[in-house]
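Working through the structure, step by step
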Amino acid sequence: MGFFKTLFGGKEDNPEEKKKRDDARDFEVLRDDGVRALRSGQAAYAVKCFRKALEIKDELQIHDYLSQALIRSDELRPAVQELRLLSEAAPDNIQIFLTMARVAYMLEDYHLMNEACEKATLLDSDNAEVAFLYGRASLGQQDLVNAVAMFTRAIMLDENYGDAYLQRGETLLKMGDTESAGEDADHLLQMAPDHEDVLLLKARVLMAGKQYAEAVEVYSHVIDGNPFCVDAFKERGAAYMAQGDKDAAEADMRKLLELNPGELSDVSGTYSAKGVEEKVRQIYKNNDVFGVFS
């Protein structure tokens, strides 16, 4: 090409212009390959493409793509760095802070989650999801009173916010307010009568109220829908034991140990027919969240 340009009076490419064209082409190739990889579930490869593209040109859209790829690759701390950069460039974009709060929740970094929720609240104080995430941040910091307040606010903003009812019910139960937790459980049962988490909340409310026979029925419903639910077997066994039905409690414990052998790790001795009642009772005592054996 250079020979013909010289022959016909043309000029050689300026090296800087050629580099710019090459960089622009490489940037587009890396960007497009990264987007395709991200959409097809190849997050790790997408991360490599976007990082290479950023070496050529710093562009906010690529930082956004990179944050998504990092989250999908479970590289959460680097994802937070990208989200911080994006939030500084677009401080009025509430979705960035919502994403940061969700990532912080996965990291169990409740201080960061709280910070992201505060900034999101300043942008939209009537956003139900912001209130819900704020409640989860408070819950992670063991501020149960504020958590209930935030979940309640989320429900006020969106009366069909099932997750907010569930989290509030679980928190109220933890605080010992069995009656209010039961109201949330009953409301949820109208919305989603076969939902496993809803049924578990209802069963736990019944356990807390020492309504063991009713709790057994609900736990059995959970197990019918999911025969691998460890919590349902463990807690139904405790309900059986509280009623004095040692055979049923032992059967649930055996099933529990099949699903999760680690349950026996803190019980001394060998598991045999002799003394099984005491072993079962000891395991249930070790997990006595409902005060059955208190």
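Residues numbered from 1 in each chain as written. Predicted model: local features only at pLDDT ≥ 70, side-chain atom pairs only at ≥ 80, totals over all residues. Heavy atoms only, no water.

**A word on the overall build of the protein**
Of the regular secondary structure elements, the protein holds 16 helices and zero strands. Expressed as a percentage of the 294 residues in the protein, the buried residues total 41%. Of all intrachain contacts in the protein linking residues separated by at least 6 positions in sequence, the fraction that spans at least 24 positions is 44%. In the structure as shown, the protein presents an accessible area of about 16200 Å², 49% of it carried by carbon and sulfur atoms. (Helix = DSSP H or I, 4+ residues; strand = E, 2+ residues; numbered from the N terminus. Buried < 20%, exposed > 50% of the residue type's maximum accessible area, 1.4 Å probe, protein only. Contact = heavy atoms within 4.5 Å. Areas by Shrake-Rupley, 256 points an atom, 1.4 Å probe, with all protein chains shown as cover.)

**What about the packing of helix H5 (residues 76–89) against helix H6 (residues 94–107)?**
For the pair H5 and H6, the least separation of the axes is 10 Å and the interaxial angle reads 160 degrees. In terms of orientation, H5 lies roughly antiparallel with respect to H6. In this structure, H5 meets H6 at a crossing whose hand is left-handed. For the pair H5 and H6, contact is made by Leu76, Arg77, Val80, Leu83, Arg84, Leu86 and Ser87 and by Ile96, Phe97, Thr99, Met100, Val103, Met106 and Leu107, respectively. Across the contact of H5 with H6, the residue classes tally to 10 nonpolar, two polar and two charged. (Axes fitted to C-alpha atoms, helices over the stretch in contact; angles between N-to-C directions. Parallel < 35°, antiparallel > 145°, perpendicular 65-115°, else oblique. Left-handed = near helix turned anticlockwise from the far one by under 90°. Nonpolar A, V, L, I, M, F, W, Y, C, P; charged D, E, K, R; others polar.)

**Details of unusual backbone geometry**
Not every positive phi belongs to a glycine, and Glu108 is a case in point at roughly 60 degrees. Summarising the element assignment, Glu108 is placed in the loop between H6 and helix H7 (110–123). The phi dihedral of Gln142 is positive, around 65 degrees, even though this residue is not glycine. With respect to the helices, strands and loops of the structure, Gln142 is situated in the loop between helix H8 (128–140) and helix H9 (144–157).

**What about the packing of aromatic side chains?**
In this structure the tally under the stated criterion is three aromatic pairs. Centroid distance Phe132 to Phe151: 5.7 Å. Interplanar angle 45 degrees. Geometry classified as tilted. Here Phe132 is found in helix H8, whereas its partner Phe151 is found in helix H9, with 19 residues between them in sequence. Overall, the relative accessible area of 5% leaves Phe132 in the buried class. For Phe151, a relative accessible area of 0% gives the class buried. (Phe/Tyr/Trp six-rings, centres within 6.5 Å; stacked < 30°, edge-to-face > 60°.)

**Describing helix H2 (residues 15–39)**
Taking 1.5 Å per residue, 25 residues should reach 36 Å; H2 reaches 36 Å between its end C-alpha atoms and fits that length. Of the residues making up H2, those classed as buried are Phe27, Gly34, Val35, Ala37 and Leu38. Of the surrounding elements, those touching the buried residues of H2 are helix H3 (43–56) and helix H4 (60–72). (Expected span 1.5 Å × (residues − 1).)

**Notes on the packing of helix H13 (residues 212–225) against helix H14 (residues 230–242)**
Packing of H13 against H14 leaves a shortest axis separation of 9 Å and a crossing angle of 155 degrees. Of the possible angle classes, the one that applies to H13 and H14 is roughly antiparallel. When the axes of H13 and H14 are compared, the crossing they make is left-handed. Facing H13, whose interface residues are Tyr212, Val216, Tyr219, Ser220, Val222 and Ile223, H14 presents Ala232, Phe233, Glu235, Arg236, Ala239, Tyr240 and Ala242. For the contact of H13 with H14, a count of residues per class yields 10 nonpolar, one polar and two charged.

**Re the pattern of salt bridges**
Scanning the model with the defined rule gives 20 salt bridges in all. Note that Glu59 and Lys57 form a salt bridge whose closest N and O atoms lie 3.5 Å from each other. For Lys57, a relative accessible area of 39% puts it in the partly exposed group. Each of Lys18, Asp22, Arg25 and Asp26 takes part in a single network of salt bridges with overlapping partners. (Salt bridge = Lys/Arg side-chain N within 4 Å of Asp/Glu carboxyl O.)

**Some thoughts on the environment of Glu75**
Following the sequence through the fold, Glu75 ends up in the loop between H4 and H5. On the basis of relative accessible area, Glu75 is assigned to the partly exposed category, the value being 29%. Spatially, the C-alpha atoms of Glu75 and Ala44 are 9.6 Å apart, while their sequence positions differ by 31 residues. Among all residues touching Glu75, those that are not within four sequence positions of it are Val47, Arg51 and Leu70.

**Notes on the nonpolar core**
Leu200, Met207, Tyr219, Val222 and Ala232 are the most contacted members of the largest nonpolar core, which totals 24 residues. Listed by contribution, the elements that provide at least two residues to this core are helix H12 (196–208), H13, H14 and helix H15 (246–259). (Core = buried A, V, L, I, M, F, W, Y, C linked by side-chain atoms within 4.5 Å.)

**Topic: the environment of Ile155**
Residue position: Ile155 is located in helix H9. We classify Ile155 as buried; its relative accessible area is 8%. Those residues in contact with Ile155 that sit more than four places away from it in its chain are Ala164, Tyr165 and Arg168.

**So, the side chain of Ser67**
Structurally, the position occupied by Ser67 is in helix H4. Engagement of the side chain of Ser67 in a polar contact is seen with the backbone oxygen of Asp64, the distance being 2.6 Å. (Polar contact = N/O pair within 3.5 Å; in protein donor to acceptor, adjacent residues only side chain to side chain.)

Taken by themselves, the reported measurements are silent on function.
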